Amino acid sequence: GLDPGRVRAAIDLAVGAVRPDVAVLLRLPSGEAQARRQARAAADRIEARDDAYRERVRAGYEALAVAGELTPLDGVGDPEAVGERVWALVQARLA
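Remember, it's a predicted structure, so these values are computed and weren't measured experimentally. Within each chain, residue numbers correspond to sequence positions counted from 1 in written order. In keeping with the model being predicted, local features are shown solely for residues with a pLDDT of at least 70 and side-chain atom pairs are shown and tallied solely at 80 or more, while totals for entire chains, interfaces and linings include all residues. Side-chain descriptors were evaluated using all non-hydrogen atoms of the structure, hydrogens and water having been removed beforehand.

**Q** Please give an account of the pairing of strand E2 (residues 71–74) that cites residues and values.
**A** Only one face of E2 is covered, namely the face carrying Thr 71 and Leu 73; the face carrying Pro 72 and Asp 74 is uncovered. The criterion for strand pairing is that DSSP finds at least two bridges linking the strands in question. The secondary structure listing takes helices from DSSP runs of H or I that are at least 4 residues long and strands from runs of E that are at least 2 residues long, numbered from the N terminus. For strand E1 (residues 24–27) and E2, the ladder comprises four bridges, and the chain directions are parallel. Within E2, the position partnered with Arg 27 by the bridge is Asp 74. For the exposure calls, accessible area comes from a 1.4 Å probe over protein chains only, and a residue counts as buried if that area is under 20% of its type's maximum, exposed if over 50%, partly exposed in between.

Structural data, given as structure tokens:
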């Protein structure tokens, strides 16, 4: 996977000392992710990368989840259903 230290450094560069109340990692099986990518008209430069790249990125984000920096959430389902799960998580964290 990606070196978690490098991922952390990139995040720190982007946001500085600002930290969110909750950050979500949407988990999606690779087959479903691939089907979603293929359903779009054109891939962007990240989506055009190979599976090995996507696996390294996934592993880096999973490492952040293990460290408690991201809250994993099921990303399977239509956008409305996923959005409802995200909103429920945010509401619970901010309550």
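The structure having been displayed, the exposition proceeds.
**Q** How would you sum up the packing of aromatic side chains? Please name residues and give values.
**A** We describe a pair of aromatic rings using the distance from one ring centre to the other and the angle between the two ring planes. In summary, the pairing rule links any two rings of Phe, Tyr or Trp, Trp by its six-membered ring, whose centres are within 6.5 Å, and it sorts them by plane angle into stacked for under 30 degrees, edge-to-face for over 60 and tilted for everything else. Evaluated as defined, the whole model comprises zero aromatic pairs. Criterion for a charge above a ring: Arg CZ or Lys NZ at most 6 Å from the ring centre, at most 35 degrees from the ring normal. Sitting over the face of the ring of Tyr 53, Arg 49 holds its NZ or CZ atom 3.9 Å from the ring centroid.

**Q** Lay out helix H3 (residues 51–66) in plain terms, naming residues and giving numbers.
**A** By definition here, a helix of n residues has an expected span of 1.5 Å times n minus one. Under the 1.5 Å per step criterion, the end-to-end length of H3 is 22 Å for 16 residues, consistent within 8% with the ideal 22 Å. Listed in full, the buried residues belonging to H3 are Tyr 53, Gly 60, Glu 62, Leu 64 and Ala 65. Whether two residues are in contact is decided by their heavy atoms: any pair within 4.5 Å suffices. Its buried side turned inward, H3 meets helix H1 (4–15), E1 and E2. Where H3 ends, the next residue or the one after it, Gly 68, has phi of about 85°, a positive value.

**Q** Summarise the side chain of Glu 47; cite the residues concerned and give the values.
**A** Secondary-structure assignment places Glu 47 in the loop between helix H2 (30–39) and H3. On the basis of relative accessibility, which here comes to 19%, the residue Glu 47 falls in the buried class. Dropping the residues within four chain positions of it, Glu 47 is found in contact with Arg 37, Arg 40, Ala 42 and Arg 54.

**Q** Describe the nonpolar core, naming the residues involved and giving the relevant values.
**A** The nonpolar side chains of soluble globular proteins are, as a tendency, buried together. Only buried residues count toward a nonpolar core. Its members are Ala, Val, Leu, Ile, Met, Phe, Trp, Tyr and Cys residues joined through side-chain atoms within 4.5 Å. Within the largest apolar cluster, five residues are counted, these being Val 7, Leu 25, Leu 64, Ala 65 and Leu 70. Residues within four places of Leu 70 in sequence aside, it is in contact with Ala 23, Leu 25, Tyr 61, Leu 64 and Ala 65.

**Q** Explain the pattern of salt bridges residue by residue, including any values.
**A** Between side chains of opposite charge, a pair can form when the charged atoms approach closely. Salt-bridge detection follows one rule: a side-chain nitrogen of Lys or Arg within 4 Å of a carboxyl oxygen of Asp or Glu. Across all of its chains, the model carries seven salt bridges by this definition. The partner of Glu 32 in a salt bridge is Arg 36, with the nearest N and O atoms 3.0 Å apart. With Glu 32 and Arg 36 both in helix H2, this residue pair falls four residues apart, about one helical turn. The exposure class assigned to Glu 32 is partly exposed, which follows from its relative accessible area of 27%. When the shortest N-O distance is used, the salt bridge between Arg 58 and Glu 62 registers 3.9 Å. With Arg 58 and Glu 62 both in helix H3 and four residues apart, this pair spans about one turn of that helix. The exposure class of Glu 62 is buried, given its relative accessible area of 17%.

**Q** If you had to explain the environment of Leu 70 to someone new, which residues and values would you point to?
**A** As for its placement among the helices and strands, Leu 70 is situated in the loop between H3 and E2. On the basis of relative accessibility, which here comes to 14%, the residue Leu 70 falls in the buried class. Between the C-alpha atom of Leu 70 and that of Leu 25, which follows or precedes it by 45 residues, the distance is 5.8 Å.

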